[in-house]
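Residue-level structural notes
So you can see what is in the structure, the chains are spelled out below.
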Amino acid sequence: MGLLALVSSQIRLILQTKLLKQKGYQQQQIAKTIQSHPYAVKMALKRERKFTDRALKDMLLEATITDEK
């Protein structure tokens, strides 16, 4: 359960940073908006390039379904 929660929070962070980046936000603005540490946002921005919006949303949905089970 703890591991699933950790993975889910990382997927959520990556998705949030990706969506805000697409809206034109810069790293510092993203960190302030989602109230996350700037370094965590920096790392998420590096990872977001590897995934599509749809893939991240699907992963988050699967994590939610797994958590419910």
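Residues numbered from 1 in each chain as written. Predicted model: local features only at pLDDT ≥ 70, side-chain atom pairs only at ≥ 80, totals over all residues. Heavy atoms only, no water.

**Observations concerning the pattern of salt bridges**
When charged atoms on two side chains of opposite charge get close, those side chains can pair. If you walk through the whole model with that rule in mind, you get three salt bridges. Taking the shortest distance from any N to any O, the salt bridge between Lys18 and Glu48 comes out at 2.9 Å. Of this pair, Lys18 sits in helix 1 (residues 2-22) while Glu48 sits in helix 3 (residues 38-48), placing them 30 residues apart in sequence. A residue is classified by how much of its surface remains accessible, and Glu48, at 5% relative accessible area, is buried. Across the pair Arg54 and Asp58 runs a salt bridge, and its minimum N-O distance is 3.1 Å. Within this pair, Arg54 and its partner Asp58 are both found in helix 4 (residues 53-68), separated by four residues, close to a single helical turn. Classification of Arg54 by relative accessible area gives exposed; the value is 51%. Asp58 gets classed as partly exposed once you look at its relative accessible area, which sits at 35%. (Salt bridge = Lys/Arg side-chain N within 4 Å of Asp/Glu carboxyl O. Helix = DSSP H or I, 4+ residues; strand = E, 2+ residues; numbered from the N terminus. Buried < 20%, exposed > 50% of the residue type's maximum accessible area, 1.4 Å probe, protein only.)

**What to know about the nonpolar core**
With seven residues, the main nonpolar core is built from Ile11, Leu13, Ile14, Leu15, Ala44, Leu56 and Leu60. Sort the elements by how many residues they give to this core and helix 1 lands first, with four residues. Excluding residues that lie within four positions of it along the chain, Ala44 makes contacts with Leu13, Ile14 and Thr17. In terms of nonpolar packing, the next biggest core, distinct from the first, is built from five residues, Leu20, Ile30, Val41 and Leu45 among them. (Core = buried A, V, L, I, M, F, W, Y, C linked by side-chain atoms within 4.5 Å. Contact = heavy atoms within 4.5 Å.)

These figures capture arrangement, not role.
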